[in-house]
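Below, each chain spelled out in residue letters.
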Amino acid sequence: MLTPIGFSLLRQLSDGAFHSGEDLAAKVGLTRARVSQVLKQAETAGLALERIRGRGYRLVAAPDFLDANAVRQALVEFGARVAKPGTITPKPQPLLDDDLGINGVEKTTIDYSPPALQVEIVDQLDSTSTELLRRSQRRDIHGAVLAAEWQTAGRGRRGRTWTAVAGGSLTFSLGWRFEQGAGFLAGLSLAVGVAVARALEKEGYEGVELKWPNDLIYRHHKLGGILVELNGDALGPSTVVVGVGLNIRLPREVKKDIAQAVTDLGAVAGRGAPPIDRNRLFARVAQEVASTLAGYAQGGFAAFAPEWQHRHAYQGKPVKLILPDGAAVKGTVAGVDASGALVLADGPRRSRFLSGEISLRRA
Ligand code: BTN
């Protein structure tokens, strides 16, 4: 596990040049032996290091660590409102009698515009989504954008773990408050998929598709995932935490260790493409997700369904759907309905499914 000191060592090495063990030790106030130990831990976090006697250490692929100011600047460039660093919004209080008009109908009008985004980047957390869920117990997380260089307990859908590497992934969560409840929010994670695909397209990455319900895939390999979690009353309001994980540059050994076929944005960009600017990418994805959440609050999933289907890799294809209880259903993907449920066609019959995993069936 990487410690804060491990991250300061990596920051020293992020210029891609050789640094002697002695220099590094002096800069971070450790012994040379401890520097060597800490750098071994960095390798277990997925970072490739080169050691040469007499020259020292070098990061083979130097990560450009996320920088909150660069992200804020890019967000402004993309038209987002950004909060001053360190602003903490108190938890909203229940409405007072005075806020209620005639017959208890609220006088207040709902503001659907995206809030000013509060960007925070930390070196290490268990999970950015877990952290925002914890914070939501104490304060308002509407518009909080939290990224971590490394998650020690990253979570995927259906209780899976989410593997990411320091400097080679993008892992962040966004907090949002909706006046509506769980039923209205059923298609939210699909809409977020559309947002991330749009963001990647705007940044010049072509060929990224969606796989129901909300995987981001490239040539049938997983590029990223979305985890939407919500708290609140059935009829609302709800507090939502949207977690986004994207593979930017995963070392080959890490890819091999993941139980499904995965790819990264480096592969989408192709050989010879300029280095990926994670700060800009993070800002683009966060801005696109925030404006999608604001749009969703007004009209739900229906407005996103045509674009979602257009981006669906399996649209019109024969698939097998494995249901949560392990049962398998075969059919052809007819699309998604206005709540984001998968619609499978079997001859003239149409069936709707709310969860499961699809895979392509050879025709
Ligand atoms: C999936 O299984 O496809 C969803 C993966 C979601 C991963 C992201 S990474 C940021 C946020 N924090 C987590 O622990 N999970 C989500």
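Residues numbered from 1 in each chain as written. Predicted model: local features only at pLDDT ≥ 70, side-chain atom pairs only at ≥ 80, totals over all residues. Heavy atoms only, no water.

A. Local environment of the overall build of the chain. Counting its regular elements, the chain contains 10 helices and 14 strands. A principal-axis box enclosing the C-alpha atoms of the chain has dimensions of 75 × 65 × 35 Å. For the chain, buried positions account for 49% of its 363 residues. A separation threshold of at least 6 residues defines the contact pool for the chain, and within that pool the share at least 24 residues apart is 68%. Computing the positive centroid from 45 side-chain charges and the negative centroid from 37, the chain places the two 7 Å apart. (Helix = DSSP H or I, 4+ residues; strand = E, 2+ residues; numbered from the N terminus. Buried < 20%, exposed > 50% of the residue type's maximum accessible area, 1.4 Å probe, protein only. Contact = heavy atoms within 4.5 Å. Lys, Arg positive; Asp, Glu negative; His and termini not counted. Charge placed at Lys NZ, Arg CZ, Asp CG, Glu CD.)

B. Local environment of helix α2 (residues 21-28). Those residues of α2 that fall on the buried side of the exposure criterion are Gly21, Leu24, Ala25 and Val28. Projection of α2 onto a plane perpendicular to its axis shows the buried side chains occupying an angular sector of 100 degrees, all on one side. Pointing more than 90 degrees away from the buried face of α2 are the exposed residues Glu22, Ala26 and Lys27. Along its buried surface, α2 packs onto α1 (4-13), α3 (32-44) and β2 (56-59). Where α2 ends, the next residue or the one after it, Gly29, has phi of about 70 degrees, a positive value. (Arc of directions from axis to C-beta.)

C. Representation of the sheet that holds strand β13 (residues 349-353). Within the open sheet, the 5 strands sit side by side as β13-β12-β11-β10-β14. Their pairing is antiparallel. The sheet is open, and its two borders are formed by β13 and β14 (357-360), each paired with just one other strand. Neighbour-to-neighbour, the strand axes of the sheet open up by a mean angle of 45 degrees, direction not taken into account. Both strand β10 (residues 318-322) and β14 contribute to a ladder of 4 bridges, which runs antiparallel. Across the sheet, residue Val319 finds its bridge partner in β14, namely Leu360. (Pairing = 2+ DSSP bridges. Axes fitted to C-alpha atoms, helices over the stretch in contact; angles between N-to-C directions.)

D. Region of interest: the packing of aromatic side chains. Enumeration according to the criterion identifies 5 aromatic pairs in this entry. Judged by centre distance (6.3 Å) and plane angle (70 degrees), the rings of Phe7 and Phe65 are edge-to-face. Taken as a pair, Phe7 in helix α1 and Phe65 in the loop between β2 and α4 (68-77) lie far apart in primary sequence, 58 residues in all. The pair Phe7 / Phe65 is uniform in exposure class, with both members buried. Here the aromatic cluster, defined as three or more aromatic residues joined through ring pairs, consists of Phe178, Phe184, Tyr296 and Phe304. The ring centre of Phe65 lies 5.0 Å from the NZ or CZ of Arg11, which sits over that ring. The ring centre of Phe78 lies 3.8 Å from the NZ or CZ of Arg284, which sits over that ring. (Phe/Tyr/Trp six-rings, centres within 6.5 Å; stacked < 30°, edge-to-face > 60°. Lys NZ or Arg CZ within 6 Å of the ring centre and 35° of its normal.)

E. How the structure looks around the pattern of salt bridges. What the rule picks out here adds up to 23 salt bridges. Note that Arg157 and Glu357 form a salt bridge whose closest N and O atoms lie 3.3 Å from each other. Highlighted residues: Arg157 in the loop between β4 (144-151) and β5 (169-178) and Glu357 in strand β14, separated in sequence by 200 residues. Across the pair, exposure class does not vary: Arg157 and Glu357 are buried alike. Among the ionic pairs, Arg352 bridges to Asp337, the shortest N-O distance being 2.5 Å. Note that Arg352 is positioned in strand β13 and Asp337 in the loop between β11 (328-336) and β12 (342-346), a separation of 15 residues in sequence. The network of salt bridges with shared partners includes Arg198, Glu201, Lys202, Glu288, Glu307 and Arg311. (Salt bridge = Lys/Arg side-chain N within 4 Å of Asp/Glu carboxyl O.)

Function cannot be read off these values alone, since they describe shape.
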